[in-house]
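# An overview of the molecular structure
The chain contents come next:
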Amino acid sequence: MTLRPLDLDPAQCFINGIWQDSSGGETLALTDPSTGAALCQIARASAEDVDQAVRAGADALRGPWGRATAAERGRVLYRMGQLVLENSDHLAELEARDVGKPLKQARADVTALARYMEFYAGAADKLHGSTIPYLDGYTVYALREPHGVTGHIVPWNYPMQIIGRSVGAALATGNAAVLKPAEEACLTALAFAELARRAGLPAGALNVVPGLGSEAGAALTAHPGVNHISFTGSVGVGRLVQQSAGQNLVPVTLELGGKSPQIVFDDANVDAALPFLVNAGIQNAGQTCSASSRILVQRGVYDQVLARMAARYAQLRVGPAVDDLDVGPLISERQKAVVEGFLAQGSDLEVAARASLAQNLPTGGAYVQPTLFADVPQAHPLARDEVFGPVQVVMAFEDEAEALALANGTGYGLVASVWTSDGARQMRMAKALRAGQVFINNYGAGGGVELPFGGTGLSGHGREKGFEALYGFSTLKTVAALHG
Ligand code: NAD
């Protein structure tokens, strides 16, 4: 069955408010990760299409979109959020089928997308400049202005959430956006563009150019008409994006991967921690930048935590997205091969638990068994590298100093959490952990549209989400008037 986002032809680009074939008429196949069957064709945008999209963005900034007041921008973003909610069943089905994530997770992503639009709708007219006391006879003020045309390169794991946080903030601040969704999953990006059109977003304010990273993505990052780039994806491509943007000297936000720890001290409420310890590792089949793939446990509760996590693994149900179980397939056979490579590297380790696969899974689906490893040494690749699959390692520590050394002992720094009832330790750990977000006695804080998010080190730089994103998607102009 061909999936049609909002009854559109999915094999088209959205440029200047119009659905159109790619310049060469070429397309790419999308596959259903749950079954391996073909879903539909999508457009394979070329450098020429990207050029048209960037020009459409620049035109929009000279036209009605550029002249819209902050309040008007907020109003149209709010309407987009309302249309997202009105079409939530359809969007959830698209995301579930396209990404392979269980329906309940896809529904949560729809809600998050709507929340991003509501949040940035409300924030659009609250980003103010400032006045600066200066020399006698001067009045000085600083204006917040959009960068201009912003490029948004998005991965396949959470298309709706990442579009919401990145495109939502860029539009709220008055930029015109060119979105390059991932070639593995882009149907909700297309649906989002159509909803934006129906909500009255002026032509050219949002353009979507699906296609290959090495073609459409590379063309977007190299385009001299792009004034800011927001990239979410792997470390390797992040490096390429930053180099390419460096040629044009435009600012880049990099939201990359992670190897995020949860640290469980002897005095933790283990009952409260347990669901978070496992869910944060297996949500979206572990294909989450902020997945918690390392569980560091103090010696006194180590055996208990390991045994209880293993018991939860034994209960996990793995199956097709539409069956809405605990874990779906990986995005592709290619990602499955990557994860199986990591599992093979763990052949010398103790396997604490492996969730079993259902007998009747579709043979073409990219399924792997969620796996929990115990007593993993810090130097092992499974304790150091991002797997991007449902694989967690449990490691023991003696004291706070060792916990910190382990937690900060990878090149990544995205998120971390601390489970302890000792208030002073909570504060010490939060201060010393190398991460863009630290959670105390929870993990993820429910997604947190309002909470600034981003990494350090290999996890990238710049912040999206929350009000903070509005600073990243705008630039400051200082005006100094000498009037005597
Ligand atoms: P990827 O880097 O392969 O692809 C991401 C996007 O970049 C895709 O749209 C792709 O088409 C595009 N791309 C590929 N090559 C390009 C090039 N040369 N120039 C420009 N664009 C190019 O990443 P992936 O495998 O799709 O996603 C997984 C990675 O993303 C993981 O490392 C994960 O941790 C990370 N991620 C991070 C966050 C975050 O917010 N920090 C969120 C989700 C995913």
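Every value quoted in this text rests on a predicted model; they were computed, and no experiment measured them. By convention here, each chain's residues receive numbers from 1 onward along its written sequence. In keeping with the predicted nature of the model, local features appear solely for residues at pLDDT of at least 70, side-chain atom pairs appear and are counted solely at 80 or more, and the whole-chain, interface and lining totals rest on all residues. Hydrogens and water are ignored here; the side-chain numbers use all heavy atoms of the structure.

Bringing the packing of aromatic side chains into the picture now. Think of it this way: a Phe, Tyr or Trp ring, Trp meaning its six-membered ring, pairs with another when their centres are within 6.5 Å, and the plane angle makes it stacked under 30 degrees, edge-to-face over 60, tilted otherwise. What the rule picks out here adds up to nine aromatic pairs. Relative to Phe388, the ring of Trp156 has its centre 5.6 Å away and its plane inclined at 70°; by these criteria the two rings are edge-to-face. Here the residue Trp156 occupies a position in the loop between strand S7 (149–153) and helix H6 (159–172), and Phe388 occupies one in the loop between helix H13 (381–384) and strand S16 (391–397), the gap between them amounting to 232 residues. The same class applies to Trp156 and to Phe388, which are both buried. With a centroid separation of 5.4 Å and 50° between ring planes, the pair formed by Phe276 and Trp419 is classed as tilted. Of the two residues, Phe276 is situated in helix H10 (residues 270–282) and Trp419 in strand S17 (residues 415–419); the sequence distance between them amounts to 143 residues. Accessible area is worked out with a 1.4 Å probe on protein chains only. A residue is then buried under 20% of its type maximum, exposed over 50%, and partly exposed in between. Assessed through its relative accessible area of 32%, Phe276 is described here as partly exposed. Look at Trp419 and you get buried, because its relative accessible area is 1%. By way of ring pairs, the aromatic residues Tyr116, Phe119 and Tyr120 are connected into one cluster. Under the DSSP-based scheme used, a helix requires at least four consecutive residues in state H or I and a strand at least two consecutive residues in state E, with every element numbered from the N terminus.

Looking only at helix H14 (residues 400–407), the buried set comprises Glu400, Ala403, Leu404, Leu406 and Ala407. Within H14, the buried residues cover an arc of 165° as seen down the axis, which keeps them to one side. At its buried positions, H14 is contacted by strand S12 (260–264), strand S13 (292–298), S16 and helix H15 (423–432). The arc refers to the directions leading from the helix axis to the C-beta atoms. Contacts are residue-level and defined by heavy atoms, with any inter-residue pair within 4.5 Å sufficient.

Moving on, we get to the site of the ligand. One heavy atom within 4 Å of a molecule or strand makes the whole residue count as near it. Inspection of the region around the ligand gives 28 residues, with Arg165, Glu183, Ser234, Leu256 and Glu386 positioned closest. Within the contact set of the ligand, an oxygen atom lies 3.3 Å away from a backbone nitrogen or oxygen of Gly213. Only H6, helix H8 (213–222), strand S10 (228–232) and helix H9 (235–248) provide two or more residues apiece to the shell around the ligand. Side-chain classes are defined by residue name, with Ala, Val, Leu, Ile, Met, Phe, Trp, Tyr, Cys and Pro counting as nonpolar, Asp, Glu, Lys and Arg as charged, and the others, Gly among them, as polar. Residue composition of the shell around the ligand, by class: 16 nonpolar, seven polar and five charged. These domain boundaries are the output of an automatic or database domain assignment. There are two domains that each give the shell around the ligand at least three residues, and those are domain 1 (5–256 + 462–479) and domain 2 (260–448). Under the rule applied, a polar contact is a pair of N or O atoms within 3.5 Å (in protein, one hydrogen donor and one hydrogen acceptor; residues adjacent in sequence only if both atoms are side-chain atoms).

Moving on to the pairing of strand S11 (residues 252–255). Neither face of S11 is exposed, since Val252 and Leu254 on one face and Thr253 and Glu255 on the opposite face are all buried. Pairs of strands are assigned from DSSP output, requiring at least two bridges between the strands. In this sheet, strand S19 (residues 460–461) lies alongside S11 in antiparallel orientation, the contact comprising two bridges. Each residue of the ladder has a partner; that of Glu255, found in S19, is Gly460.

Once that is clear, we can look at the pairing of strand S4 (residues 38–43). Here strand S3 (residues 27–31) runs beside S4; their pairing, made up of five bridges, is antiparallel. Each residue of the ladder has a partner; that of Thr27, found in S4, is Ala43. From the end of S3 to the start of S4, which pair antiparallel, there are six residues, and Gly36 there has a positive phi angle of about 85°.

Now for the pattern of salt bridges. Charged atoms that come close allow side chains of opposite charge to pair. Here a salt bridge means any side-chain nitrogen of Lys or Arg lying within 4 Å of a carboxyl oxygen belonging to Asp or Glu. Within this structure, the stated rule accounts for 24 salt bridges. A salt bridge links Glu450 to Arg115; the nearest nitrogen and oxygen atoms lie 2.7 Å apart. Note that Glu450 is positioned in the loop between strand S18 (437–440) and S19 and Arg115 in helix H5 (residues 103–123), a separation of 335 residues in sequence. Its relative accessible area of 28% is what places Arg115 among the partly exposed residues. Between Glu183 and Lys180 there is a salt bridge; the shortest N-O distance is 3.2 Å.

Ordered in space as S5-S6-S20, the three strands form an open sheet in which the pairing is antiparallel. Two strands in the sheet have a free side with no partner beyond their single neighbour: strand S5 (130–132) and strand S20 (474–482). Put simply, the sheet's adjacent strands are angled 25° from each other on average, direction ignored. In terms of strand pairing, S5 meets strand S6 (residues 138–146) through three bridges, oriented antiparallel. Axes, fitted as lines to C-alpha atoms, cover a helix only where it is in contact. Angles between the N-to-C directions of the axes lie from 0 to 180 degrees.

Let us look at the domain arrangement of the protein chain. When cut into domains, the protein chain gives domain 1 (5–256 + 462–479) and domain 2 (260–448). Inter-centroid distance (C-alpha atoms) of domain 1 to domain 2 is 30 Å. Contact residues are listed per partner, giving 24 residues for domain 1 and 29 residues for domain 2. For the pair domain 1 and domain 2, the summed buried surface comes to about 2000 Å²; carbon and sulfur atoms form 52% of the total. Counting the surface domain 1 buries against domain 2, the share from its top three residues, Ser34, Trp156 and Tyr158, is 25%. For the interface between domain 1 and domain 2, the tally reads two salt bridges. Close ionic contact of Asp324 with Lys104 constitutes a salt bridge, the shortest N to O distance being 3.4 Å. There are 15 residue pairs in polar contact (both at pLDDT 80 or more) connecting domain 1 and domain 2. Reported buried area values correspond to the accessible surface (1.4 Å probe) lost by two parts on association, with both partners' losses combined.

This part is about the packing of helix H3 (residues 70–86) against H5. Where H3 meets H5, the closest approach of the two axes is 8 Å, and the angle between their N-to-C directions is 165°. Classified by the angle their axes make, H3 and H5 are roughly antiparallel. Seen from above, H3 lies across H5 with left-handed handedness. On H5, the residues that touch Gly74, Leu77, Tyr78, Met80, Gly81, Gln82, Val84 and Leu85 of H3 are Val110, Leu113, Ala114, Met117, Glu118, Tyr120 and Ala121. Here the residues of the contact of H3 with H5 are counted per class, giving 11 nonpolar, three polar and one charged. For classification, angles of less than 35 degrees are called roughly parallel, those exceeding 145 degrees roughly antiparallel, those between 65 and 115 degrees roughly perpendicular, and all remaining angles oblique. Rotating anticlockwise by less than a right angle from the far helix to the near helix defines a left-handed crossing, while the corresponding clockwise rotation defines a right-handed one.

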